[in-house]
Amino acid sequence: MKPASALEELIDALRCLPGVGPKSAQRMAYHLLQYDPAGAQRLDDTFAAGNAAAYRGDWDEAARQYERLLAAGRLDAHRVKDDWEGRKNIAKTMGFIFFGTGLVLLALIVYAMISRLLH
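Residues numbered from 1 in each chain as written. Predicted model: local features only at pLDDT ≥ 70, side-chain atom pairs only at ≥ 80, totals over all residues. Heavy atoms only, no water.

The next subject is the nonpolar core. L7, L10, I11, L14, L17, V20, A25, A29, L32, L33 and A40 form the largest nonpolar core, which has eleven residues in total. For this core, the secondary structure elements donating two or more residues are α1 (4–15) and α2 (22–35). Leaving out residues up to four positions away in the same chain, A40 has contacts with L10, L32 and L33. (Core = buried A, V, L, I, M, F, W, Y, C linked by side-chain atoms within 4.5 Å. Buried < 20%, exposed > 50% of the residue type's maximum accessible area, 1.4 Å probe, protein only. Helix = DSSP H or I, 4+ residues; strand = E, 2+ residues; numbered from the N terminus. Contact = heavy atoms within 4.5 Å.)

Relative to the 20 Å expected for 14 residues at 1.5 Å per residue, α2 spans 20 Å between its end C-alpha atoms, a close match to the ideal helical length. Among the residues making up α2, those that are buried are A25, A29, L32 and L33. Projected down its long axis, α2 shows its buried positions confined to an angular sector of 95°, all on one face. The exposed residues of α2 that point more than 90 degrees off its buried face are K23, R27, Q34 and Y35. (Expected span 1.5 Å × (residues − 1). Arc of directions from axis to C-beta.)

Here it is in structure tokens:
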């Protein structure tokens, strides 16, 4: 667990985000420290490095920070991991199954309507 001063710094850093008040920042900080300490450290490093400039509207400084991260080869450490990638094939398969089931049901309904009209 981080010392209280580091926690307060994290809460203050989160408060600079748009629409985040003191209670929301505190909840986010506690969540990060409990469930994703590495993410809390990355967030702290990002704010310390000046990425908070983007939230202040200083887009030139944010662009310079992006270029520095890119040149140093540290950009991947700040990217969000795609947890959905492994589940895409399952979702596609289930989608095709449900779509196929719907087509079969539609065909059965049309067949029932036509056979009723002909009898």
